[in-house]
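The lines below spell out each chain.
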Amino acid sequence: MKTLQDYIDKLNSLHFQEMYNRDFFLTWEKSDDAIEAVFTLADALRYMREHNISTRVFESGLGISLFRDNSTRTRFSFASACNLLGLEVQDLDEGKSQIAHGETVRETANMISFMADVIGIRDDMYIGKGNKYMHDVVDAVTQGHADGILEQKPTLVNLQCDIDHPTQSMADMLHIIHEFGGVENLKGKKLAMTWAYSPSYGKPLSVPQGVIGLMTRFGMDVILAHPEGYEVFPEVEAIASENAKKSGGSFTKTNSMSEAFRDADIVYPKSWAPFAAMEKRTNLYAKGDQAGIDALEKDLLAQNAEHQDWACTEEMMSLTKDGKALYLHCLPADISGVSCDKGEVDASVFDRYRNPLYKQASYKPYIIAAMIFLAKFADPVDILKKLEKKGTPRIFE
């Protein structure tokens, strides 16, 4: 059993000063040590909560959440992370704000940030828009702080944009690390990130992109599989290839789901929209062309329907390593015969992995809390020691 000192010793061996006073946009913008520091601190915070040690490092302050797309897990994970550290959460509902009346990004960002320590944003719907919006918000609050308007610059955490979903992929990775008994056991393991059929359209590309952009850093053999026409950002594929070279793993692509599943140690079957279609949808929304949007949706649903055989079935799972690959999904999954007639995964497969899937999701609040913690404290190890010494119980006994 690890102790808190084990996590402290690990943090002391890492160089992650780049995290202090910095925002978290994309995983591939962070060093290997910074990524490992997030994992280590997430585990430390989880250890402390499980051992009834309070991790409140703020006596007041706000965490602002802005979700431009629907969310369950990430929304509550952000709220849980903020609460774990002592921050209260206020959700910015754009429909109830002056944004609806033309308020600028700069003005909104400053008005919500007078006592905010962190801003979490999900903006994943439109290619070329989400990540840019997050940078616009950071630019605004950085200038507000420099001008003396804001007492502190709030840290931004990317809760999913059009390019990456860092809190998801890092929670996924921490789950994998624990399931396989440590990072050192991942080299040579095969991970299949595959497209899967969904009766809906328009799912973001940021999950598969986040997975190939992060998992290729750990010496694994990562394979990206999808039908022709469902390509992801070529820039992210290039990052995945470079990561694989540096880590001693590999990154390959295929148009065969069975090839991807064969002898895989980990499978991640997940639907996403074609890159070209998402670009087209973004342009149609910019023009306000509702007729064009409706026509595109009809075409994409028809395109999806041509690939209903891309599903995580029992037969497909039997191709994996010993027929027992670790099944991952960011949830909610399209479950055949449960949430839809035919979808991404068979009900029997999903039910068999239900508890591991919930465990996978449970890492996300700690990942987000670790991101905030590392951004707010120049010496997080010292803060952990002070929390341990103080020994305030989270729940009084």
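Chemist: Give a detailed account of helix α1 (residues 4–12), specifying residues and quantitative values.
Modeler: Turning to α1, its buried residues are Leu4, Tyr7, Ile8 and Leu11. Buried positions in α1, seen along its axis, are confined to an arc of 100 degrees and lie on one side of it. In this fold, the buried residues of α1 make contact with α2 (32–50) and α16 (380–390).

Chemist: Which residues make up the layout of surface pockets, and what values go with them?
Modeler: Of the voids in this model, the largest pocket is the one considered here, and its volume is about 590 Å³. Forming the walls of the largest pocket are 22 residues, and the residues nearest its centre are Lys2, Tyr7, Asp43, Leu174 and His178. Elements with a minimum of two residues in the lining of the largest pocket: α1, α2 and α6 (166–179). Among the elements that take part in the lining of the largest pocket, α2 stands out by supplying 7 residues, more than any other. Residue composition of the lining of the largest pocket, by class: 8 nonpolar, 5 polar and 9 charged. The volume enclosed by the second largest pocket comes to roughly 500 Å³.

Chemist: Lay out the packing of aromatic side chains with the relevant residues and their values.
Modeler: Under the counting rule described, the total for this entry stands at 9 aromatic pairs. Judged by centre distance (4.8 Å) and plane angle (55 degrees), the ring pair of phenylalanine 233 and phenylalanine 275 falls under tilted. Remark: phenylalanine 275 occurs in helix α10 (residues 275–287) and phenylalanine 233 occurs in the loop between β6 (221–225) and α8 (234–247); sequence separation between them is 42 residues. One aromatic cluster is present, formed by Phe58, Phe373 and Phe377 through successive ring pairs.

Chemist: Mind laying out α16, listing which residues take part and the relevant values?
Modeler: All of the buried residues in α16 are Pro380, Val381, Ile383, Leu384 and Leu387. Seen end-on, α16 carries its buried residues on one side only, within an arc spanning 160 degrees. Set apart from the buried face of α16 by more than 90 degrees, the exposed residues are Lys386, Lys389 and Lys390. Where α16 is buried, its residues contact α1, α2 and α15 (364–376). Positive backbone phi, at 65 degrees, marks glycine 391, one or two positions downstream of α16.

Chemist: Would you mind going over the packing of α1 against α16 in detail, with residue names and values included?
Modeler: To describe two helices that pack against each other, one gives the angle between their axes and the distance between the axes. In contact at an axis separation of 10 Å, α1 and α16 are set at 165 degrees when each is read in the N-to-C sense. Regarding the angle of α1 to α16, the classification is roughly antiparallel. Where α1 crosses over α16, the handedness of that crossing is left-handed. Mapping the contact onto sequence places Leu4, Ile8, Leu11 and Asn12 in α1 and Val381, Leu384, Lys385 and Glu388 in α16.

Conventions and cut-offs
- Residues numbered from 1 in each chain as written.
- Predicted model: local features only at pLDDT ≥ 70, side-chain atom pairs only at ≥ 80, totals over all residues.
- Heavy atoms only, no water.
- Buried < 20%, exposed > 50% of the residue type's maximum accessible area, 1.4 Å probe, protein only.
- Helix = DSSP H or I, 4+ residues; strand = E, 2+ residues; numbered from the N terminus.
- Arc of directions from axis to C-beta.
- Contact = heavy atoms within 4.5 Å.
- 1 Å grid on protein atoms, 1.4 Å probe; cavity = no way out; pocket = protein on both sides within 12 Å on 5 of 7 lines; lining within 4 Å.
- Points joined across faces, edges and corners; volume = space filled by probe spheres on them.
- Nonpolar A, V, L, I, M, F, W, Y, C, P; charged D, E, K, R; others polar.
- Phe/Tyr/Trp six-rings, centres within 6.5 Å; stacked < 30°, edge-to-face > 60°.
- Axes fitted to C-alpha atoms, helices over the stretch in contact; angles between N-to-C directions.
- Parallel < 35°, antiparallel > 145°, perpendicular 65-115°, else oblique.
- Left-handed = near helix turned anticlockwise from the far one by under 90°.

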